[in-house]
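These are the residues of each chain, in order.
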Amino acid sequence: MSSDSTAESSIVNTYGIRGFPTRCTNKNPGRPFFRCLTRRKNHLFKWVEDAVYEEVQDALPKIVLLEAELNKEKSDIEDLKGVVTELMEEVVRTKTEVKRCKVMMTILFVIMCVIIIVLVFSLM
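Every chain is numbered on its own, with residues counted from 1 as its sequence reads. Given that the model is predicted, a residue must reach a pLDDT of at least 70 before its local features are reported, and side-chain atom pairs must reach 80 or more before they are shown or counted; all residues, however, enter totals for whole chains, interfaces and linings. Note that water and hydrogens are dropped before the side-chain values are worked out from all heavy atoms of the structure.

Q: Can you help me understand the overall build of the chain in this one?
A: Helix and strand labels come from DSSP, where a helix needs a run of H or I of at least four residues and a strand needs a run of E of at least two; each type is numbered from the N terminus. Tallying secondary structure elements over the chain gives two helices and two strands in all. Mapped from its N terminus to its C terminus, the chain presents α and β elements in the order α-β-β-α. Relative to its 124 residues, the chain shows a buried fraction of 11%. Any two residues having at least one pair of non-hydrogen atoms within 4.5 Å are treated as being in contact. Look at the contacts in the chain between residues 6 or more apart in sequence, and 47% of them connect residues 24 or more apart. The protein chains shown are the only cover counted for residues, whose accessible areas, like all others here, come from Shrake-Rupley with a 1.4 Å probe. By element, 67% of the accessible surface of the chain is carried by carbon and sulfur atoms, the whole surface being about 10500 Å². Exposure is judged per residue with a 1.4 Å probe applied to protein chains only, and the accessible area is read against the type maximum: over 50% gives exposed, under 20% gives buried, and values in between give partly exposed.

Q: Just checking my understanding: could you explain the UniProt feature "coiled-coil region" (unreviewed entry) in the chain for this structure?
A: UniProt positions are given in the numbering used here, feature names are shortened, and annotations may be inferred rather than shown by experiment. When the UniProt feature table is mapped to this numbering, "coiled-coil region" (unreviewed entry) covers residues 63-97. Secondary structure content for residues 63-97 is 100% helix and 0% strand, and the end C-alpha separation is 51 Å.

Q: Just checking my understanding: could you explain the UniProt feature "transmembrane region" (unreviewed entry) in the chain for this structure?
A: As annotated in UniProt, the feature "transmembrane region" (unreviewed entry) corresponds to residues 103-123 in the numbering used here. Secondary structure over residues 103-123 splits into 100% helix and 0% strand, and the C-alpha atoms at its two ends are 30 Å apart.

Q: Looking at this structure, I do not really get the pattern of salt bridges. What am I missing?
A: Two side chains of opposite charge can pair, provided their charged atoms sit close to one another. By convention in these notes, a salt bridge is any Lys or Arg side-chain nitrogen within 4 Å of a carboxyl oxygen on Asp or Glu. Per the counting criterion, the structure on display carries four salt bridges. We note a salt bridge from Glu78 to Lys81, for which the minimum N-O separation is 3.5 Å. Residue Glu78 and its partner Lys81 are located together in helix α2 (residues 48-123), separated by three residues, close to a single helical turn. Here Glu78 falls in the partly exposed class, since its relative accessible area comes to 48%. Classification of Lys81 by relative accessible area gives partly exposed; the value is 47%.

Q: Which parts of the structure should I look at to understand α2?
A: For an α-helix, 3.6 residues make a turn, and residues three or four places apart therefore share a direction. In this scheme, a helix's expected span is set at 1.5 Å multiplied by one less than its residue total. Taking 1.5 Å of rise per residue, the 76 residues of α2 would be expected to cover 112 Å, and the 108 Å separating its terminal C-alpha atoms lies within 8% of that figure. Approximately 30° is the largest bend angle found in α2, and it occurs at Leu60, with the proline Pro61 only one to four residues beyond. At any given residue, the bend is defined as the angle formed between two axes, one fitted to the seven residues that end at that position and one fitted to the seven that begin there.

Q: Please explain the environment of Arg35 as it appears in this structure.
A: Mapped onto the elements, Arg35 comes out in strand β1 (residues 33-35). It is 6.4 Å that separates the C-alpha atoms of Arg35 and Lys46, two residues lying eleven residues apart in sequence.

Q: Please clarify how a nonpolar patch on the surface should be interpreted in this entry.
A: The patches described consist of residues with a relative accessible area above 30% and no salt bridge, like charges being joined within 9 Å and nonpolar side chains (Val, Leu, Ile, Met, Phe, Trp, Tyr) within 5 Å. There is a patch of nonpolar side chains on the surface, built from Val103, Met105, Ile107, Leu108, Ile111, Met112, Ile115 and Leu119 and spanning about 760 Å² of accessible area. Assignment of secondary structure puts Leu108 in helix α2.

Here you go:
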């Protein structure tokens with residue numbers, strides 16, 4: 001089973017000539033392969049499983065890097081969850097403090113009113 005030159009050229013463009021044998025072989029009939037259409041003495045030839053293996057090998061370092069990046073992002077998310085929790089706790093504390101300040105302002109206002117009333121009646 002062979003592929004057209006487009007499939008072959010995509011492999012060549014992606015990986016250069018890495019892993020290509022220098023000549024073709026008649027062994028293993030029916031085994032899938034990529035080849036150029038020229039069939040000349042020095043034409044390109046590659047077994048499909050070799051091409052797939054090389055793609056997997058080339059992808060493994062990228063997968064390791066992506067996994068490390070994903071783990072870092074997960075760690076950052078956990079850190080941000082902690083920050084959000086701290087901020088929510090601060091909001092609750094601030095709301096409590098604001099309520100306490102409102103109560104104190106109301107008490108001070110009442111005291112000031114009482115003092116003003118006492119002063120007004122004492123001056124009469």
